[in-house]
Amino acid sequence: QVLLVESGGGLVQAGGSLRLGCTASATAFSTLSMSWFRRRPGEEREFVAGMSWSGQNILHADSLEGRLTITRDDAKNTAYLRMNSLKPDDTAIYYCAAAIRLEFGLNHSEIFDYWGQGTQVTVSS
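This structure is a prediction, so every number in the text was calculated from the model and none was measured. (Residues numbered from 1 in each chain as written. Predicted model: local features only at pLDDT ≥ 70, side-chain atom pairs only at ≥ 80, totals over all residues. Heavy atoms only, no water.)

Caption draft 1: The arrangement of the environment of cysteine 96 in detail. In this fold, cysteine 96 is placed in strand 9 (residues 92-100). Relative accessible area serves as the criterion here: at 0%, cysteine 96 is assigned to the buried category. Placed 59 residues apart in sequence, cysteine 96 and phenylalanine 37 show a C-alpha to C-alpha distance of 6.3 Å. Residue contacts for cysteine 96: discarding those within four places in its chain leaves Leu4, Glu6, Cys22, Ser35, Trp36, Tyr114, Trp115 and Gly116. (Helix = DSSP H or I, 4+ residues; strand = E, 2+ residues; numbered from the N terminus. Buried < 20%, exposed > 50% of the residue type's maximum accessible area, 1.4 Å probe, protein only. Contact = heavy atoms within 4.5 Å.)

This is the structure:
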């Protein structure tokens, strides 16, 4: 069982940046593949970015147009999502998700075992 806790959400003006964090309780964080998903108001859940447990495979959603960077710090049991040039359309609840030693399918929410509670990101115009 893995507990995930997101952090770093909040209110930001359009054009600004945020770095979201996802800290896991796992004793072997390096074995976890980590992905980020979001749910915008009135929209279905969508994939944002993901990184395989090995770090070899990284996947980004086309909708963010290269405005993000996903990283991880195994020493801190934390994955990060840096988002730049934020737009009002980026307003959403952002969730991190984890799966053990997942190499492919980082954008498929149905195969992730663990989920955080989400953190609200609101981008004002």
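That shown, we press on.
Caption draft 2: Looking closely at the sheet that holds strand 3 (residues 18-24). Taken in spatial order, the four strands line up as 1-3-8-7 in an open sheet, and their pairing is antiparallel. Taken across any chain shown, the strands that pair with only one partner, and hence form the sheet edges, are strand 1 (4-7) and strand 7 (68-73). Sheet twist, expressed as the average angle between the axes of neighbouring strands with direction ignored, equals 15 degrees. As defined by bridge partners, strand 3 adjoins strand 8 (residues 78-83) across six bridges and the pair is classed as antiparallel. (Pairing = 2+ DSSP bridges. Axes fitted to C-alpha atoms, helices over the stretch in contact; angles between N-to-C directions.)

Caption draft 3: Looking closely at the state of the cysteines. In the structure shown here, the tally under the stated rule is one disulfide. Sulfur-sulfur distance for the disulfide between cysteine 22 and cysteine 96 comes to 2.0 Å. Negative torsions about the S-S bond denote left-handed disulfides, and the value of about 55 degrees found for cysteine 22 with cysteine 96 makes this one right-handed. Placement of cysteine 22 in strand 3 and of cysteine 96 in strand 9 is noted, with a sequence separation of 74 residues between them. Considered together, cysteine 22 and cysteine 96 belong to a single accessibility category, that of buried residues. (Disulfide = S-S within 2.5 Å.)

Caption draft 4: Inspection of the side chain of threonine 78 at higher detail. Checked against the element boundaries, threonine 78 lands in strand 8. The exposure class of threonine 78 is buried, given its relative accessible area of 6%. In contact with threonine 78, other than residues within four places in its own chain, are Gly21, Cys22, Thr23, Phe29, Arg72 and Asp73.

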